[in-house]
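# Coordinate analysis (summary)
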Amino acid sequence: MRRLLLNLLVWSCVLLVAFPLFWMIVTSLKPQVELWARPPALLPIEPTMKHYLNLLRETNFLSYFRNSVLLSTATTLLVVAVATLGAYSLVRFRYRGRDTLAMLVLFTYLLPSVVLLLPLYLMMVKLGLANTLASLVLAYTTFALPYALWLLRSFMAGIPEDLESAALVDGATRLGAFRDVILPQLLPGIISTALFTFILSWNEYLFALVLVNSDASRPLTTGVMNMLISSFNIEWSLLMAASVMMSLPLILAFAFLQKYLTRGFGAGAVKG
Amino acid sequence: MAGVSFRGVRKEYDGFVAVEGLDLDIHEGEFVALLGPSGCGKTTTLRMLAGLEFPSSGEIRIGERVVNDLPPGERDIAMVFQSYALYPHMTVARNIEYPLKKRGMPGPQRRERVAEAAQMLQLTELMDRKPRELSGGQQQRVALGRALVRDPQVFLLDEPLSNLDAKLRGYMRAELIELHRRLGRTMVYVTHDQLEAMTMADRIAVMLSGRLQQFAPPQEVYRAPANRFVAGFIGMPSMNLIDGELHQADGGFRFSGAGMNLALPRLKTDVGAGAACLGIRSEHLRIGEGPHRATVQIVEQTGHENIVVLTATGGVRLTGRTTAAVLPVTGKEIAFGVEESALHVFAPGDEGARLNADN
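Read on for a plain summary of the structure. Quick caveat, the model's predicted, so the values are computed rather than measured. (Residues numbered from 1 in each chain as written. Chains lettered and ligands numbered in written order. Predicted model: local features only at pLDDT ≥ 70, side-chain atom pairs only at ≥ 80, totals over all residues.)

## Remarks on the sheet that holds strand β2 (residues 16–26) of chain B
Residues and elements named next belong to chain B. Strand order across the open sheet formed by four strands is β2-β1-β4-β5, with antiparallel pairing between neighbours. Unpaired on one side and paired on the other, β2 and β5 (65–66) mark the two borders of the sheet. Inspection of the sheet shows strand β4 (residues 57–62) paired to β5 by two bridges, in the antiparallel sense. Bridge assignment links Ile-62 to a residue of β5, and that residue is Arg-65. (Pairing = 2+ DSSP bridges. Helix = DSSP H or I, 4+ residues; strand = E, 2+ residues; numbered from the N terminus.)

This is the structure we're talking about:
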């Protein structure tokens, strides 16, 4: 009986979360006439790919998509590279103020990002980076890096120091030991961190809205809004088609990397 | 082949002195155990020899080379860690191969050496497994394999047996002795287990609080401990240590304490009367006969003998042994005697020096 109730609860939660996604897909496949039908049909009567083709052929969608991919990939690479080395330093080297430094990094989260928005914008203008993808990469790095650093720090702390010592004794240089022994052990952590950073930059809206005003550098979030939502009209079917295509890369990434994500939790159980 | 020497080595971290004024000469091909309680500096000493820590001052040599500033990979050493430190993402074969690879040995030669080491340690069947698919004993053998495949000048072993169960530990002890005999290489072995040190080492370096207490062959450490700490640390059950007074009488010394007045063996010439500590090994306490009396407190039957704890005058506890056939009754008074020729005398204090004139 308890089992049944639990199942019921879990499935209602799943439905609650899944229904908007389902509706998004359904709407993107409905022809215009069906959109406003009352009562609404659960499945499209005459499914169409028209909206997708429209988006790809007649709008800037692909350009925004390319911008988002570039932006998110660059941010992820930068954040993971810096956070990995930073976490290594915080865990392995002994120096004054190491723990204070780690705490300070977290303090950046105490400030609402809106407060940082204007100063960041002014800095980007001064640096001559306003309206470029680079400005967004830098901005996203500022708020993804602290969390990434903490995440990787805890993963790194779980790797026994003896492993690295063994590699050093076996004749590896410090960098060699890092590459041969630390990195493979850290892989689940790196993948989690990369996924987190990628999602963060892929979905980010506020900074993209303020820092970039030229259509050539707009990412998907602001680009699609700008293109399909005007004060008079919202192109629902196009918007939903765009949303489906925006979600697809994340869903694919999750599907492929899921086993690494879960493996990350069990990795520490192995002795030595 | 090469020996190892430490000259005035000191190691200090953030105001804490881990090793102080260490002088140690380890001969070529010798098996030396660094023995002491946790925090005595034995592991730090080993890690300095490995190049994983750097001495604050002093000089470390391997063979003729001063290695103070050499990174671990250039010291021609191999190390077995307490945690084994096997690379979890590599198979057994790749684990053993790794040090050869890092030295740029060509592939075919590498595989030959790995196969040789695997055969020596009976790992041939396990070569394609990952470390987590092995038992503790097998992991231990892989760690040994990774160390010996390279044929280094010096082997460093950091409590390699402490994660094994008692039976396997006994077996691996014998294996290690055999391995040392076969390879003839210098081995430095860190342990807190006196049994391992006593049974395996050519010489034992006993350490306490970062300082070397005694460096001698096991039997000498047992028969003539250099100070009170070594006396109490080596031997199971521990040596009985009794605080009391030294008196001069008829050209020799006598000791009084715990209700006994005993004639002592010859002491060093500069020893005078005063406070001192008497050491009696449990096997030199004869239980059941003798001029002294005490109450039987505890009797531990180990099977082949009984360990008997007595309470003597003034509440002093004494530990002795009887054969399994003699079973004293707990709570009863019993006579006991002391073999006076085998007594140890130390200066007062926890690290009071040995006063016997035998060394």
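## Here's the deal with the packing of helix α4 (residues 61–92) of chain A against helix α9 (residues 174–203) of chain A
Residue and element names in this part refer to chain A. Where α4 contacts α9, the axes come no closer than 9 Å and their chain directions differ by 140°. Between α4 and α9, the angle falls in the class oblique. Note on packing geometry: the crossing formed by α4 with α9 is right-handed. Counted together, Ser-68, Leu-71, Ser-72, Thr-75, Thr-76, Val-79, Val-80, Ala-83, Thr-84 and Tyr-88 of α4 and Phe-178, Ile-182, Leu-186, Ile-190, Thr-193, Ala-194, Thr-197, Phe-198, Ser-201 and Trp-202 of α9 form the full contact between these two elements. Considered class by class, the residues forming the contact of α4 with α9 number twelve nonpolar, eight polar and no charged. (Axes fitted to C-alpha atoms, helices over the stretch in contact; angles between N-to-C directions. Parallel < 35°, antiparallel > 145°, perpendicular 65-115°, else oblique. Left-handed = near helix turned anticlockwise from the far one by under 90°. Contact = placed C-beta atoms within 7 Å. Nonpolar A, V, L, I, M, F, W, Y, C, P; charged D, E, K, R; others polar.)

## Points about the interface of chain A and chain B
Contacts between the two partners involve 16 residues from chain A and, on the opposite side, 23 residues from chain B. Elements with a contribution of two residues or more to the side of chain A that touches chain B: α8 (161–169) and α9 of chain A. For the side of chain A that touches chain B, the leading source of residues is α8(A), giving six residues. Tallied by class, residues from the side of chain A that touches chain B come to nine nonpolar, four polar and three charged.

## Let's talk about unusual backbone geometry
For the bond from A:Arg38 to A:Pro39, the omega torsion is -5°, close enough to zero to count as cis. The residue A:Pro39 is located in the loop between α2 (32–35) and α3 (50–58) in this model. For the bond from B:Met236 to B:Pro237, the omega torsion is -10°, close enough to zero to count as cis. For B:Asp14, which is not glycine, the phi dihedral falls at a positive 35°. By the element assignment, B:Asp14 lies in the loop between β1 (4–13) and β2. With 6 C-beta atoms packed within 10 Å, B:Asp14 lands in the exposed category. Positive phi values are uncommon outside glycine, yet B:Ser209 reaches one of about 45°. (Buried ≥ 20, exposed ≤ 12 C-beta atoms within 10 Å, placed from the backbone.)

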